[in-house]
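Observations on chain architecture
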Amino acid sequence: MSRSVQLATTAGDQAAADPDSLRLHQLGYKQELKRGLSTLSNFAFSFANISVLTGVTATYNTGLRYGGPVSMSLGWLLVALFNGCVALSMAEICSAYPTSGGLYYWSAKLAGKEWASLASWVTGWFNIVGQWAAIASVDFSLAQLLQVIILLSTGGASGGGYMASKYVVLVICAVMLILHGIINSLPIQWLSFFGQIGAIWNAAGVFVLVILIPSVAKDRPSVEFVFTHLNTDNGMGIHDKAYIFAVGLLMSQFSVLGYDTSAHMVEETKNADRSGPVGIITSVVCATVFGWIYLLALTSAVTDIPYLLSPDNDAGGYAIAQALYTAFHRRYGSGAGGIACLGAVAVAVFLCGIACVTSNSRMAYAFSRDGAMPLSRVWYRVNRHEVPLNVVWLGVAVAFVMALTSLGSQVAFQAMGSIATVGMYIAYALPVFFRVTTARRSFVPGPFHLGKYGVAVGWVGVVWVATVTVLFSLPVAYPVANKETFNYTPVAVGGVLLLSVGAWVLRARFWFKGPITNTSDGPV
């Protein structure tokens, strides 16, 4: 029997047995990861990764300081509208190219032959660096939250409570990273379980807190305050209202980040060309609705913004912690209920960290499979449980190195949230840009597509990402006098761009040709 006939026979057998494996084979890859996730599990990973309890809690201080209630309540809806366009376009592309490489593979396919390898290279590096920054940001935020819980449980800042040093916080962060690495070393069935628990915990947590917080808070602001009050007393020397509102959007933009997880998990998902897009869209819709309701509930306990942000309060300036602690203390004479609420949020942040490492490991596995990472042969390995173990621990190690910046400057580390946001959204927007420009006539959609609206929706998403990239690179304090008031975001994002393009010009262009097929007959 000839080789071509053998291949045709093999492909036919695959189609009959597993259409997902055949589609992956057509895209140029062998099925090497265990395909054991359902549509629900795929959605759960993205929803747990987005984790509005994590995003809103970690960045609430930023939203409260820059604009306050209006930048969060109405700003959230503004971000949701434009962010939805990005998600819809990504879902359409995911349906056409369901591979773990996700964004960088899409860019290679859509940029055209002349630009394919460069587009793939830059997109991949923005994606993976953004994911590393997200892991560092989430786990360090968890360490800070645990530190605040300990502080309030031991009497608060004004009552002689234990205030952990920056070194202790870093150690807590390291422990969380190690735990996340251990959990991500388990088989996919266990990871699917944690993903589903993360989704359930976020939904249930928001439901409980939304009922509990307004009912406990004795002093509640008016509806007008929640939807129209613009806080200009930020203490950062910024007074222009439009500028303040724009900077405050970082909280909303960061809080709905991570839905590319559904794309990175498609090689482990059944009915991938449908389940992947469904996971992206439903996770964004659910996160948008749950997040907005959670924000409104939190803001219903906000009356004295300067006090909540003051480093002299019981929570050391952690606004959400102080608001919950105060609400329960005024109602019951004890802040224990508020501490319990913070504990529930901490569990959500921990589960979010698991999903962040999972998503990063699958993306890094695919990127190393295509030879794009140093020591790719080391990272492109799966163990006997079909888990890419080496890249799991690579992500943990890199995230810890990023967390070390907290020892030098808290502001420098806080830029990690901005780097994760801007870097990831640039990676989201690049394949969409190529979809609506060079490849819009040749794009062959999958089962999920936007029809005649695809190009228009894509352009809205691309313009939005370009806008927020500029906004989040602007100074966040005036005058910009020292390392504590400097916005490190443009330096970090520009550094990723410079290093990736520089590496391309000097070396990578000679050997990296984009995604490398590992099947004998290559992609279709």
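What you are looking at is a predicted structure, and each value in this text was computed from that prediction instead of being measured.

Notes on the overall build of the chain
If you tally the helices and strands in the chain, you get 21 helices and zero strands. Here the chain has a C-alpha radius of gyration of 23 Å; the compact-globule value for 524 residues is 24 Å, and the two agree. Once the C-alpha set of the chain is aligned to its principal axes, its extents read approximately 85 × 45 × 40 Å. Expressed as a percentage of its 524 residues, the buried residues of the chain come to 57%. Contacts spanning at least 24 positions in sequence make up 81% of the contacts within the chain whose residues lie at least 6 apart. Accessible area for the chain stands at about 20200 Å²; split by element, carbon and sulfur atoms hold 67% of it. Charged side chains of the chain number 29 positive and 22 negative; the gap between the two group centres comes to 6 Å.

Re a nonpolar patch on the surface
A cluster of nonpolar side chains, namely V171, V175, I178, L179, I182 and W393, defines an oily patch on the protein surface of about 500 Å² accessible area. Per element, the largest residue contribution to the nonpolar patch is five residues, and it comes from helix α8 (residues 166–183). With respect to the helices and strands, V175 occurs in helix α8. A relative accessible area of 40% places V175 in the partly exposed class.

What about the packing of helix α5 (residues 69–96) against helix α6 (residues 103–110)?
Where α5 contacts α6, the two axes come as close as 11 Å, and the packing angle between them is 75°. Relative to α6, the element α5 lies roughly perpendicular. On the side of α5, the interface is formed by M90, I93 and C94, while α6 contributes L103, W106 and L110. Its residues placed into classes, the contact of α5 with α6 shows six nonpolar, no polar and no charged.

Considering the environment of V79
Within the element layout of this structure, V79 appears in helix α5. Overall, V79 belongs to the buried group, its relative accessible area being 3%. The residues contacting V79, other than those within four sequence positions of it, are G84, L249, S252, Q253 and W464.

Focus: the packing of aromatic side chains
Evaluated as defined, the whole model comprises 21 aromatic pairs. Judged by centre distance (6.4 Å) and plane angle (50°), the ring pair of W121 and W504 falls under tilted. Within this pair, whereas W121 is found in helix α7 (residues 116–153), its partner W504 is found in helix α21 (residues 489–506), the two being separated by 383 residues in sequence. Each member of the pair, W121 as well as W504, carries the same accessibility label: buried. An aromatic cluster of at least three residues, connected via ring pairs, comprises Y104, W121, W125, W132, F367, W504, W511 and F512.

Things to note about α21
The end-to-end C-alpha separation of α21 is 25 Å, in line with the 26 Å expected for 18 residues at 1.5 Å each. Within the sequence span of α21, burial applies to T489, V493, V496, S500 and W504. Taken down its axis, α21 places every buried residue within 55° of arc, on the same side. Seen from the buried face of α21, the exposed residues on the opposite side, beyond 90 degrees, are V491, L498, L499 and L506.

Notes on the pattern of salt bridges
Tallied over the entire structure, the rule returns five salt bridges. Notably, a salt bridge pairs R362 with E268, separated by 3.0 Å at the nearest N-O pair. Note that R362 is positioned in helix α16 (residues 336–369) and E268 in the loop between α12 (261–264) and α13 (272–299), a separation of 94 residues in sequence. For the residue pair R362 and E268, the accessibility class agrees, reading buried in each case.

A short note on unusual backbone geometry
Positive phi values are uncommon outside glycine, yet S51 reaches one of about 45°. Along the chain, the position of S51 falls in the loop between α3 (39–50) and α4 (52–65). In this structure, N271 is a non-glycine residue whose phi angle is positive, near 55°. As for its placement among the helices and strands, N271 is situated in the loop between α12 and α13.

Re the state of the cysteines
Taken as a whole and judged by the stated rule, the model has zero disulfides. In this structure C85 is not part of a disulfide, and its nearest cysteine sulfur, from C94, lies 18 Å away. Judged by relative accessible area, which is 14%, C85 ranks as buried. C286 carries a free sulfur, and the closest cysteine sulfur to it, the one in C352, is 16 Å from it. Residue class for C286 comes out partly exposed when judged on its relative accessible area of 24%.

A look at α8
With 18 residues, α8 should reach 26 Å at 1.5 Å per residue; the first-to-last C-alpha distance of 26 Å fits that figure. Of all the positions in α8, only V169, L170, I172, C173, A174, M176, L177, H180, G181 and I183 are classed as buried. Of the surrounding secondary structure, the elements contacted by the buried residues of α8 are α7, α9 (188–216), α16 and α18 (389–403).

Thresholds, definitions, all that
Residues numbered from 1 in each chain as written. Predicted model: local features only at pLDDT ≥ 70, side-chain atom pairs only at ≥ 80, totals over all residues. Heavy atoms only, no water. Helix = DSSP H or I, 4+ residues; strand = E, 2+ residues; numbered from the N terminus. Rg over C-alpha atoms; globule rule 2.2 N^0.38 Å. Buried < 20%, exposed > 50% of the residue type's maximum accessible area, 1.4 Å probe, protein only. Contact = heavy atoms within 4.5 Å. Areas by Shrake-Rupley, 256 points an atom, 1.4 Å probe, with all protein chains shown as cover. Lys, Arg positive; Asp, Glu negative; His and termini not counted. Charge placed at Lys NZ, Arg CZ, Asp CG, Glu CD. Patch = residues over 30% accessible without salt bridge, like charges linked within 9 Å, V, L, I, M, F, W, Y side chains within 5 Å. Salt bridge = Lys/Arg side-chain N within 4 Å of Asp/Glu carboxyl O. Axes fitted to C-alpha atoms, helices over the stretch in contact; angles between N-to-C directions. Parallel < 35°, antiparallel > 145°, perpendicular 65-115°, else oblique. Nonpolar A, V, L, I, M, F, W, Y, C, P; charged D, E, K, R; others polar. Phe/Tyr/Trp six-rings, centres within 6.5 Å; stacked < 30°, edge-to-face > 60°. Expected span 1.5 Å × (residues − 1). Arc of directions from axis to C-beta. Disulfide = S-S within 2.5 Å.

Fair warning: the whole summary comes from geometry, so function is off the table for now.
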